[in-house]
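Summary of structural features
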Amino acid sequence: QVQLVESGGGLVQPGGSLRLSCATSGIIFRFYAMGWYRQAPGKERELVASMSSGGSATYANSMKGRFTISRDNAKNTVYLQMNSLKPEETAVYYCNARLGATSYWGQGTQVTVSS
């Protein structure tokens, strides 16, 4: 009954912005570390950003200064604000919830950066 549902993806022009959301249910959200990952065709899934249960954020180096992860424990939702998007960042973006050795994944949302 654990569910992670991503939304907010779509087509955006280079330099544009998107805000992704991940709504969760079936977990005690405030105890989980949350993360955003992405996977482009033919490439490995990579970490984009993560936030600990205590609110500490980390980012992959290429995202620093452009992406912001946030969480709203009252809404059981994590967000990813993406600015200045580049075509090479076209990928399926996945939400992850982790507590110790247990991880849950969403189905992903497609982000396409193209003119």
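Check the entry above for the structure.
The text that follows walks through the structure, step by step, so that each part is easy to find. The shown structure was predicted, so the numbers you read here are calculated from the model rather than taken from an experiment. (Residues numbered from 1 in each chain as written. Predicted model: local features only at pLDDT ≥ 70, side-chain atom pairs only at ≥ 80, totals over all residues. Heavy atoms only, no water.)

As a further point, take the sheet that holds strand β8 (residues 77–82). An order of β1-β3-β8-β7 is seen for the 4 strands of this open sheet, with the pairing classed as antiparallel. With partners counted over all chains shown, the strands left at the sheet margins are β1 (3–7) and β7 (67–72), one partner each. For this sheet the average axis-to-axis angle between neighbouring strands, irrespective of direction, equals 15°. Here β1 pairs with strand β3 (residues 18–25) via 5 bridges, running antiparallel. Note on β3: the bridge partner recorded for E6 is C22. (Pairing = 2+ DSSP bridges. Helix = DSSP H or I, 4+ residues; strand = E, 2+ residues; numbered from the N terminus. Axes fitted to C-alpha atoms, helices over the stretch in contact; angles between N-to-C directions.)

This paragraph deals with the nonpolar core. Counting residues in each nonpolar core, the largest one holds 28 residues, and the members touching the most others are W36, V48, V78, L80, M82 and Y93. When residues of this core are traced back to their parent elements, those giving at least two are β3, β4 (33–39), β5 (46–51), β7, β8, β9 (91–99) and β11 (109–113). Among the elements that make up this core, the one with the highest residue count is β9 (4 residues). (Core = buried A, V, L, I, M, F, W, Y, C linked by side-chain atoms within 4.5 Å. Buried < 20%, exposed > 50% of the residue type's maximum accessible area, 1.4 Å probe, protein only.)

With respect to the element layout, G100 can be found in the loop between β9 and β10 (102–105). Given the relative accessible area of 52%, G100 is considered exposed. Considering only alpha carbons, one finds G100 and P14, 86 residues apart in sequence, at a separation of 37 Å.

On to the packing of aromatic side chains, then. Scanning the entire structure with this criterion turns up 2 aromatic pairs. Ring geometry for Y32 against Y104: centres 6.4 Å apart, planes inclined by 45°, an arrangement best described as tilted. Here the residue Y32 occupies a position in the loop between β3 and β4, and Y104 occupies one in strand β10, the gap between them amounting to 72 residues. Here Y32 falls in the buried class, since its relative accessible area comes to 9%. Using a relative accessible area of 28% as the deciding quantity, one classes Y104 as partly exposed. Relative to W105, the ring of Y37 lies with its centre 5.0 Å away and its plane at 65°, an arrangement referred to as edge-to-face. Within this pair, whereas Y37 is found in strand β4, its partner W105 is found in strand β10, the two being separated by 68 residues in sequence. By relative accessible area, which is 39% here, W105 ends up partly exposed. Stacked on the ring of Y94, the Lys or Arg R45 has its end atom at 3.8 Å from the ring centre. (Phe/Tyr/Trp six-rings, centres within 6.5 Å; stacked < 30°, edge-to-face > 60°. Lys NZ or Arg CZ within 6 Å of the ring centre and 35° of its normal.)

Function cannot be read off these values alone, since they describe shape.
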